[in-house]
Amino acid sequence: MASGRIVDPMTLLRVTPLVTSTAAVMFSADQYLFLDTLLAPPHRERANELVPSYFKTFFGRGIWIILTAYPLSIATGVANVYLGGSSGSGSSVAAKLSSGSAAARWYAAGAALALAHFAFVPSIMYKIQALNEGEGKGEGNKNLKRWLDVHLMRSVLVDVPSWLCFATACLKSLGPQ
């Protein structure tokens, strides 16, 4: 197949979750960097009133990165387990995971952790709502700090480990067999 000479579809499949999870982790780091800066002493007082409207705009634009990067990471991670496992193409996912394919296990772990990103929605949705509705209430900084605390915990507990799993899976699947 001529297209395989330019880009091997299996290599693309194996690399995609690493690329999408890298984008997600970078966006997560950027969110923390840019939003936490508003809480720094030189900006804190002025930011208190600005934070709600700024966050509302920031979140509305950034949600598309989240709704693209994580589902793509999950889908391609699962596809790698199903299509890229060491067993034959007709084998079940459970068989591939138990057959000893280390890469498949790492892809599965990465996909599970990427999915776990959304398990934090209940703990942040009220914080986001408070940020979005907080205009004029003078509690922008307090609400932003609450959101950033959960955001940092989520990033450390699931986003970075997901990326590490995908990086390991990619190395194992593309490395020498």
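Residues numbered from 1 in each chain as written. Predicted model: local features only at pLDDT ≥ 70, side-chain atom pairs only at ≥ 80, totals over all residues. Heavy atoms only, no water.

Novice: Mind laying out the packing of aromatic side chains, listing which residues take part and the relevant values?
Specialist: This model, assessed by the stated rule, comprises six aromatic pairs. Centre to centre, the rings of F55 and F59 are 5.7 Å apart; their planes meet at 20°, and the pair counts as stacked. Residue F55 and its partner F59 are located together in helix α3 (residues 41-84), separated by four residues, close to a single helical turn. A connected cluster of aromatic rings, assembled from ring pairs, spans F27, Y54 and F58. (Phe/Tyr/Trp six-rings, centres within 6.5 Å; stacked < 30°, edge-to-face > 60°. Helix = DSSP H or I, 4+ residues; strand = E, 2+ residues; numbered from the N terminus.)

Novice: Quick rundown of the packing of helix α5 (residues 102-116) against helix α7 (residues 140-174)? Include the residues and the values.
Specialist: Between α5 and α7, the least distance of the axes is 8 Å, while the angle of their chain directions is 160°. With respect to each other, α5 and α7 are oriented roughly antiparallel. For α5 against α7, the interelement crossing comes out left-handed. Of the residues in α7, those touching α5 at A102, A103, W106, Y107, A109, G110, A111, L113, A114 and A116 are L157, V158, P161, S162, C165, F166, T168, A169, C170, K172 and S173. For the contact of α5 with α7, the class distribution of residues is 16 nonpolar, four polar and one charged. (Axes fitted to C-alpha atoms, helices over the stretch in contact; angles between N-to-C directions. Parallel < 35°, antiparallel > 145°, perpendicular 65-115°, else oblique. Left-handed = near helix turned anticlockwise from the far one by under 90°. Contact = heavy atoms within 4.5 Å. Nonpolar A, V, L, I, M, F, W, Y, C, P; charged D, E, K, R; others polar.)

Novice: Which residues make up the layout of surface pockets, and what values do they have?
Specialist: Of the voids in this model, the largest pocket is the one considered here, and its volume is about 210 Å³. Those elements that provide at least two residues to the lining of the largest pocket are α2 (9-36), α3, α6 (121-133) and α7. Here the lining of the largest pocket takes six residues from α3, the largest share from any one element. Partitioning the lining of the largest pocket into residue classes produces 12 nonpolar, three polar and one charged. (1 Å grid on protein atoms, 1.4 Å probe; cavity = no way out; pocket = protein on both sides within 12 Å on 5 of 7 lines; lining within 4 Å. Points joined across faces, edges and corners; volume = space filled by probe spheres on them.)

Novice: Account for the UniProt feature "transmembrane region" (unreviewed entry) in the protein chain, naming residues and giving values.
Specialist: UniProt annotation of "transmembrane region" (unreviewed entry) refers to residues 63-83 and 103-121 when read in the numbering used here. The annotated region residues 63-83 carries 100% helix and 0% strand content, and the separation between its end C-alpha atoms amounts to 30 Å. The annotated region residues 103-121 carries 79% helix and 0% strand content, and the separation between its end C-alpha atoms amounts to 29 Å. (UniProt positions renumbered as here; feature names shortened; annotations may be inferred.)

Novice: Now, about the nonpolar core: what can you tell me, with residues and values included?
Specialist: Counting 16 residues, the largest nonpolar core has L35, F55, L144 and W147 as its most contacted members. Broken down by secondary-structure element, the contributors of at least two residues to this core are α3, α6 and α7. Top contributing element to this core by residue count: α7, with five residues. Beyond its immediate stretch of four places on either side in the chain, F55 contacts L35, I128, L131, N132, L144 and W147. With nine residues, the next largest nonpolar core counts L18, A111, A167 and C170 among its residues. (Core = buried A, V, L, I, M, F, W, Y, C linked by side-chain atoms within 4.5 Å. Buried < 20%, exposed > 50% of the residue type's maximum accessible area, 1.4 Å probe, protein only.)

Novice: Can you tell me about the environment of Q31, naming the residues and giving the values?
Specialist: By the element assignment, Q31 lies in helix α2. Here Q31 falls in the buried class, since its relative accessible area comes to 7%. The spacing of Q31 and F59 is 28 residues in sequence and 9.5 Å in space, taken between C-alpha atoms.

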